[in-house]
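# Structural overview
Here are the chains, one letter per residue:
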Amino acid sequence: MRDVVLLSLCLLCVFAFISATRYEANWKSIDSRPLPSWFDEAKIGIFIHWGVFSVPATYESPWFWYWWKTKTPLFVKFMKDNYPPGFTYADFAPHFQATFYDPDQWADIFEAAGARYIVLVTKHHEGFTLWPSKHSWNWNAGDVGPKRDLLGDLAKAVRKKKDMRFGVYHSLFEFYNPEFLQDQANHFKTQNFVWRKTMPELFELVNNYQPDVIWSDGHWMAPDTYWNSTKFLAWLYNDSPVKDTVVVNDRWGVGTDCHHGGYWNCKDGYNPGKLLPHKWENAMTLDHKCWGTRREIMAGDIYTLHEIVTELAQTVSCGGNLLMNVPPNSDGRILPMFEEILRQFGAWMKVNGEAIYASKPWHTQNDTITKDVW
């Protein structure tokens, strides 16, 4: 009995020490935080690229504004052929209506696919927020277009599901925000954009929606000291409402990818093909050619079930998670061809999921004789 009491006291001391841990605003301290176990056990997530760029819906649509603005011939011709002279990128926003958006239907599809976490692109590099942000005046889904909290509605729908967690993607920078361009012209010695836009949005996302994943992007433009990344992450881990459950990726400034953060995704479609000493994620898109919806898509452009399962096996056997991107249309519909492949994959997972969820990688991954056997 005495031994049991002593063991209990020791455990209480350990838990008290863990709960009392305070992380400092430097990478050594931030990187020392243990990754919440749910993320490694989840293995499968769904990525959703959706925004104003879903209206032109062509070629590399999330970057449409940039390629058009830089007078890339393909995009200039597209606008000339389809829109009147003088049409601006902002003119696309009223056409982003999300008329058929049914977040409960989305959540049903993602659940059927066997996904354990969802990451919604809440703001891509165009700067348009899918929530009625107080820091993105007249360039958010509450003020223009759907006039609806697209983010909040999906968060509620996902959280109705027993085994799914909700996360948000957020771009640190914006293509043509005047304050960002001014900071850039000042060689990032000023931080007006960060304090008036980036950080207020991140705090708003965490406090209002309490995501379990923060998928940062747009980091490559400036060092993490400009973005104030470690200060934000220290608050996130110490004092935020999700401090015990949240996970973050590695895109927090120039050179941080594949070096810092809760888990690594290093680059789009990252698949190292070997066991890494750090948790990582393979963020890939089910459309071989684009992250956003596009009007010229063909059935043959989408991953087959065999291709997805192969990607899953190679990823999970090396200790990674698979984050599969699904791009909805501007009206809020997930194309039937995407739904079909997700449900096929989910049917496969119902049979084989026991070997995937919460699994641990073996010391060697691939058959050295038979290629692609994992």
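Remember, predicted model here, so these are calculated numbers, not experimental data. (Residues numbered from 1 in each chain as written. Predicted model: local features only at pLDDT ≥ 70, side-chain atom pairs only at ≥ 80, totals over all residues. Heavy atoms only, no water.)

### Let's talk about the overall build of the protein chain
Note the cut-off: We count a stretch as a helix when DSSP gives it H or I for four or more residues in a row; a strand needs E for two or more, and each element gets its number in order from the N terminus. Note on method: radius of gyration uses C-alpha positions; expected globular size equals 2.2 Å times residues raised to 0.38. The cut-offs for exposure are 20% and 50% of the maximum accessible area for each residue type, with area from a 1.4 Å probe on protein chains only; residues under the lower value are buried, those over the upper are exposed, and the others partly exposed. The method behind every accessible area is Shrake-Rupley, applied with a 1.4 Å probe, and residues are considered shielded solely by the protein chains displayed. Residues scored as positive are Lys and Arg, those scored as negative are Asp and Glu, and His as well as the terminal groups of each chain are ignored. Where a charge sits is defined by one atom per residue type, namely NZ (Lys), CZ (Arg), CG (Asp) or CD (Glu).
If you tally the helices and strands in the protein chain, you get 13 helices and seven strands. Over its C-alpha trace the protein chain gives a radius of gyration of 21 Å, about what one expects of a compact globule, namely 21 Å for 374 residues. In terms of overall dimensions, the protein chain has a C-alpha envelope of 85 × 50 × 40 Å along the principal axes. Of all 374 residues assigned to the protein chain, the portion counted as buried reaches 54%. For the protein chain, the exposed surface amounts to about 17300 Å²; the carbon and sulfur share of it is 57%. Placing the 37 positive and 42 negative side-chain charges of the protein chain at their respective mean positions leaves the two points 2 Å apart.

### Description of the packing of helix H6 (residues 103-112) against helix H7 (residues 150-159)
To characterise two packed helices, one gives the angle between the axes of the helices and the distance between these axes. Inclusion rule: Here the axes come from fitting lines to C-alpha atoms, over the contacting stretch only for helices, and the angles between their N-to-C directions go from 0 to 180 degrees. Note that the term roughly parallel is reserved for angles under 35 degrees, roughly antiparallel for angles over 145, roughly perpendicular for angles of 65 to 115, and oblique for everything else. Working rule for handedness: look at the near helix, and if it is turned counterclockwise from the far one by less than a right angle, call the crossing left-handed; if clockwise, right-handed. By definition, residues are in contact when any of their heavy atoms lie within 4.5 Å. Polarity classes work like this: nonpolar for Ala, Val, Leu, Ile, Met, Phe, Trp, Tyr, Cys and Pro, charged for Asp, Glu, Lys and Arg, and polar for all others, with Gly in that last group.
Running from N to C, H6 and H7 cross one another at 45°; their axes reach a closest spacing of 8 Å. With respect to H7, the axis of H6 lies oblique. The interaxial crossing formed by H6 with H7 has right-handed handedness. On H7, the residues touching Pro 103, Asp 104, Trp 106 and Ala 107 of H6 are Asp 153, Leu 154, Ala 157 and Val 158. In terms of residue class, the contact of H6 with H7 is made up of six nonpolar, no polar and two charged.

### Looking at the pairing of strand S7 (residues 320-325)
Selection criterion: Paired strands are those between which DSSP finds at least two bridges.
Of all six residues making up S7, six are buried, and the element is well covered by its neighbours. Neither face of S7 is exposed, since Gly 320, Leu 322 and Met 324 on one face and Asn 321, Leu 323 and Asn 325 on the opposite face are all buried. In this sheet, S7 lies alongside strand S1 (residues 44-48) in parallel orientation, the contact comprising four bridges. Across the sheet, the residue bridging to Ile 44 is Leu 322, located in S7.

### Section: the sheet that holds strand S4 (residues 213-217)
Across the sheet, which stays open at both edges, the seven strands sit in the order S5-S4-S3-S2-S1-S7-S6 with parallel pairing between neighbours. Of all the strands in the sheet, the pair left with one neighbour each is strand S5 (247-248) and strand S6 (280-285). Where S1 meets strand S2 (residues 117-123), four bridges bridge the pair, whose relative direction is parallel. Pairing of Gly 45 across the sheet is with Tyr 117, part of S2. Sheet strands touched by helix H9 (residues 192-209): S2, strand S3 (165-171) and S4. Its angle to S3, the strand with the most contacts, is close to 175°.

### Some thoughts on the state of the cysteines
So the rule is basically this: The term disulfide is used for any two cysteine sulfur atoms that are within 2.5 Å.
According to the stated counting rule, one finds one disulfide in the structure shown. Two residues, Cys 258 and Cys 266, share a disulfide whose sulfurs are 1.8 Å apart. Here Cys 258 and Cys 266 share a disulfide; its torsion about the S-S bond, 80°, makes the bridge right-handed. Of the residues examined, Cys 258 reaches a relative accessible area of 22% and is grouped as partly exposed. Left unpaired, Cys 318 is separated from the closest cysteine sulfur, that of Cys 266, by 13 Å.

### As for the nonpolar core
Applicable threshold: Residues belong to one nonpolar core when they are buried, are Ala, Val, Leu, Ile, Met, Phe, Trp, Tyr or Cys, and are joined through side-chain atoms within 4.5 Å.
Counting residues in hydrophobic clusters, the biggest one holds 92 residues, and the most contacted among them are Phe 110, Ile 214, Leu 236, Leu 286 and Met 324. It is H9 that provides the largest number of residues to this core, a total of seven residues. Not counting residues up to four positions away in its chain, the partners in contact with Phe 110 are Ile 46, Ile 48, Ala 115, Ile 118, Met 164, Ile 334 and Leu 342.

### A look at the packing of aromatic side chains
Each aromatic ring pair is characterised by the separation of its centres together with the angle its planes make. The condition that has to hold: Note on ring pairs: Phe, Tyr and Trp rings are taken, using the six-membered ring of Trp, and paired if centres are within 6.5 Å. Classes follow the plane angle, with under 30 degrees stacked, over 60 edge-to-face and the rest tilted. Cation placement over rings: the criterion is NZ of Lys or CZ of Arg within 6 Å of the ring centroid and within 35° of the ring normal.
All told, the structure shown has 53 aromatic pairs when counted by the stated rule. Note that Lys 69 overlies the ring of Tyr 176, its terminal NZ or CZ placed 5.4 Å from the centroid. We note Arg 116 situated over the ring of Tyr 357; from NZ or CZ to the ring centre the distance is 3.7 Å.

### What about unusual backbone geometry?
Phi is positive for Lys 43, which is not a glycine, with a value near 70°. With respect to the secondary-structure elements, Lys 43 resides in the loop between helix H3 (37-42) and S1. With a relative accessible area of 1%, Lys 43 lands in the buried category. You will see that Phe 188, though not glycine, has its phi angle at about 60°, which is positive. Tracing the chain through its elements places Phe 188 in the loop between helix H8 (178-185) and H9. The class for Phe 188 is buried, based on a relative accessible area of 17%.

### Digging into H6
Short version of the rule: Here, the arc refers to the directions that run from the helix axis to the C-beta atoms.
Inspection of H6 places Pro 103, Trp 106, Ala 107, Ile 109 and Phe 110 among the buried residues, and these make up the whole buried set. Along the axis of H6, the buried residues cluster in a sector spanning 160°; they form a single face. Structurally, H6 contributes buried residues whose contacts are with S1, S2, H7 and helix H13 (336-352). Positive phi shows up at Gly 114, right after H6, with a value of about 85°.

### Digging into the pattern of salt bridges
Where we set the bar: Any carboxyl oxygen of Asp or Glu that lies within 4 Å of a side-chain nitrogen of Lys or Arg is treated as forming a salt bridge with it.
Inspection of every chain in the model, using the stated rule, returns 24 salt bridges. Here Lys 161 and Asp 108 are joined by a salt bridge, their closest N and O atoms 2.5 Å apart. Taken as a pair, Lys 161 in the loop between H7 and S3 and Asp 108 in helix H6 lie far apart in primary sequence, 53 residues in all. With a closest N to O distance of 3.9 Å, Glu 296 and Arg 294 form a salt bridge. On the accessibility criterion, Glu 296 (28% relative accessible area) is partly exposed. It is possible to trace a salt-bridge network through shared partners that takes in Asp 287, Lys 289, Arg 294, Glu 296 and Asp 301.

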